[in-house]
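Okay, here's what each chain looks like letter by letter:
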Amino acid sequence: MVSAPDLLVVGAGFFGLTIAERCATELGLQVLVVDRRSHIGGNAYSEVDEQTGVEVHKYGAHLFHTSNERVWEYVNRFTGFTDYRHRVFGKYQGQIYSLPMNLGLINQFFGKAHTPAQARELIAEQSAEIATEDAANLEEKAVSLIGRPLYEAFIKGYTAKQWQTDPTELSPDIITRLPVRYTYENGWFSDTHEGLPVDGYTAWLTKMADHPGIEVRLETDFRDLREDYLGSVPIVYTGPVDEYFDHSEGRLSWRTVDLEQSVEDVDDFQGTGVVNYNDQEVPWTRIIEFKHFHPERVRTHLPGKTVIVHEYSRFAEADDEPYYPINTAEDRAKLLRYREKAQAEPMVLFGGRLGTYQYLDMHMAIGSALSMFDNRIRPHFAEGAPFASGGVAE
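Residues numbered from 1 in each chain as written. Predicted model: local features only at pLDDT ≥ 70, side-chain atom pairs only at ≥ 80, totals over all residues. Heavy atoms only, no water.

Colleague: Sorry, what's going on with the overall build of the chain here?
Modeller: Looking only at helices and strands, the chain has 13 helices and 16 strands in total. For 394 residues, the compact-globule formula gives about 21 Å, and the C-alpha radius of gyration of the chain, at 23 Å, lands near that figure. Taken along the three principal axes of its C-alpha coordinates, the chain extends 70 × 55 × 35 Å. The contacts in the chain between residues at least 6 apart in sequence include a share of 73% that link residues at least 24 apart. For the chain, the accessible area works out to roughly 17,900 Å², and carbon and sulfur atoms hold 47% of it. (Helix = DSSP H or I, 4+ residues; strand = E, 2+ residues; numbered from the N terminus. Rg over C-alpha atoms; globule rule 2.2 N^0.38 Å. Contact = heavy atoms within 4.5 Å. Areas by Shrake-Rupley, 256 points an atom, 1.4 Å probe, with all protein chains shown as cover.)

Colleague: Would you explain the packing of helix 3 (residues 103–110) against helix 4 (residues 116–127) in this entry?
Modeller: Think of two packed helices as two axes; the pair is described by the angle between the axes and how far apart they sit. Interaxial distance between helix 3 and helix 4 falls to 11 Å at its minimum, and their mutual angle equals 70°. Between helix 3 and helix 4, the crossing angle belongs to the class labelled roughly perpendicular. In the crossing of helix 3 with helix 4, the sense of the turn from one axis to the other is left-handed. Residues Leu103, Ile106 and Phe110 of helix 3 form the contact with helix 4, whose participating residues are Pro116, Ala119, Leu122, Ile123 and Gln126. (Axes fitted to C-alpha atoms, helices over the stretch in contact; angles between N-to-C directions. Parallel < 35°, antiparallel > 145°, perpendicular 65-115°, else oblique. Left-handed = near helix turned anticlockwise from the far one by under 90°.)

Colleague: Explanation requested: the sheet that holds strand 9 (residues 214–218) in the structure shown.
Modeller: Either a parallel or an antiparallel arrangement is found when strands of a sheet pair, and the pairing is made through backbone hydrogen bonds. Here we have five strands laid out as an open sheet, ordered 9-2-1-10-16, and parallel in their pairing. Two strands lie at the open edges of the sheet, namely strand 9 and strand 16 (348–350), each paired on one side alone. Across this sheet, the average inter-strand angle for adjacent strands is 20°, counted without regard to direction. For strand 1 (residues 7–10) and strand 2 (residues 31–35), the ladder comprises four bridges, and the chain directions are parallel. Across the sheet, residue Val10 finds its bridge partner in strand 2, namely Val34. (Pairing = 2+ DSSP bridges.)

Colleague: Would you mind going over the pairing of strand 2 with me for this structure?
Modeller: Along a regular strand, successive side chains alternate from one face of the sheet to the other. Summarising burial for strand 2: five of the five residues are buried, a large majority. Here strand 2 shows two buried faces, one formed by Val31, Val33 and Asp35 and the other by Leu32 and Val34. Between strand 1 and its parallel partner strand 2, the chain crosses via helix 1 (residues 14–27), and the hand of that crossover is right-handed. Pairing of strand 2 with strand 9, which is carried by five bridges, proceeds in the parallel orientation. In the sheet register, Leu32 faces strand 9, and the bridge partner there is Glu215. (Buried < 20%, exposed > 50% of the residue type's maximum accessible area, 1.4 Å probe, protein only. Right-handed = clockwise from strand over helix to strand, strands pointing away.)

Colleague: Explanation requested: the UniProt feature "domain: UDP-galactopyranose mutase C-terminal" (unreviewed entry) in the chain in the structure shown.
Modeller: On the UniProt side, "domain: UDP-galactopyranose mutase C-terminal" (unreviewed entry) is annotated at positions that read residues 153–359 here. Its end C-alpha atoms 26 Å apart, residues 153–359 is made of 25% helix and 22% strand. (UniProt positions renumbered as here; feature names shortened; annotations may be inferred.)

This is how it looks when you write it as structure tokens:
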């Protein structure tokens with residue numbers, strides 16, 4: 001047990017545990033990690049469903065992928081990875097299409113065998129309806145990129161459900177680009193490395209924290225410890241930045257998801273891990289079937305049973321788990337004010353998805369933590385540099 005920590009880390013997700021592991025392993029520090037949840041791993045936490053033997057990602061599907069060689073080398077110290085390649089399918093008006101938008105989808109949707117050149121010409125013709133620079137809302141921006149037929153089938157309904165808002169009322173900035181592949185390649189990610197941890201996410205994260213210099217205290221709220229450590233021990237805070245400052249500049253807005261889990265009495269519910277539901281009248285955005293993430297574990301799964309999750313998207317309220325920053329102009333103005341406050345805190349660095357108000361994939365969170373360790377934490381402990389506060393996506 002760490003009695004007098006050299007560093008306090010708030011949050012036992014990927015960012016916090018990467019910081020803790022590096023500090024304990026590389027610098028020999030005593031690190032105390034606190035998390036108010038009852039489990040390690042933040043939103044990457046997974047557990048085996050007792051009824052079926054299927055590993056379930058409790059906060060939605062988590063698929064690891066990266067092109068960052070340093071991150072890939074680092075994560076392989078704690079887990080091996082399967083050769084899983086993520087593929088997504090979309091259901092629209094009773095038909096299943098292979099996503100993302102590619103030559104197969106185009107040919108199926110338009111009922112004609114286009115060559116890559118013909119498909120490019122078709123999309124260019126349909127997207128010419130609106131010039132991208134003239135787009136005044138999300139709908140116009142999407143039409144200017146992929147044309148109205150594909151937009152109305154695969155973007156309009158799904159986006160309306162995600163945002164609970166008509167796309168004509170959403171900012172065009174939400175969509176930076178809508179890639180169309182003019183091949184039959186249907187892998188969801190295009191990174192160099194991809195796979196799932198062989199023994200699951202919780203086993204991976206537990207191994208990261210398995211160091212004599214690291215103590216993890218769960219069901220522990222930082223606010224109860226704040227007076228004991230603030231100003232006397234360096235802190236890496238990965239909770240919501242607005243909550244740290246008691247929402248003094250206003251609440252930052254987020255999207256959240258509701259996950260409705262059920263056990264179905266079939267061997268296979270949908271034939272793949274993820275199916276998006278693009279029809280607007282279907283209330284859920286997608287269905288996840290977890291057993292497809294680990295087909296190599298088929299012998300550990302109970303025959304005739306499978307676990308699925310219906311996922312619903314909505315605006316997050318005060319007590320909800322925040323997932324995706326909405327990042328309106330008002331939010332960005334608040335964040336600037338929180339950055340100023342962060343820099344004035346005594347020896348506190350803010351990081352991670354919640355601490356920086358950015359949506360970070362797992363590999364991005366790990367990469368960001370490694371950079372913070374290199375550039376902010378190691379210089380302080382190894383070279384005596386001042387522990388400069390801040391780090392809120394500066």
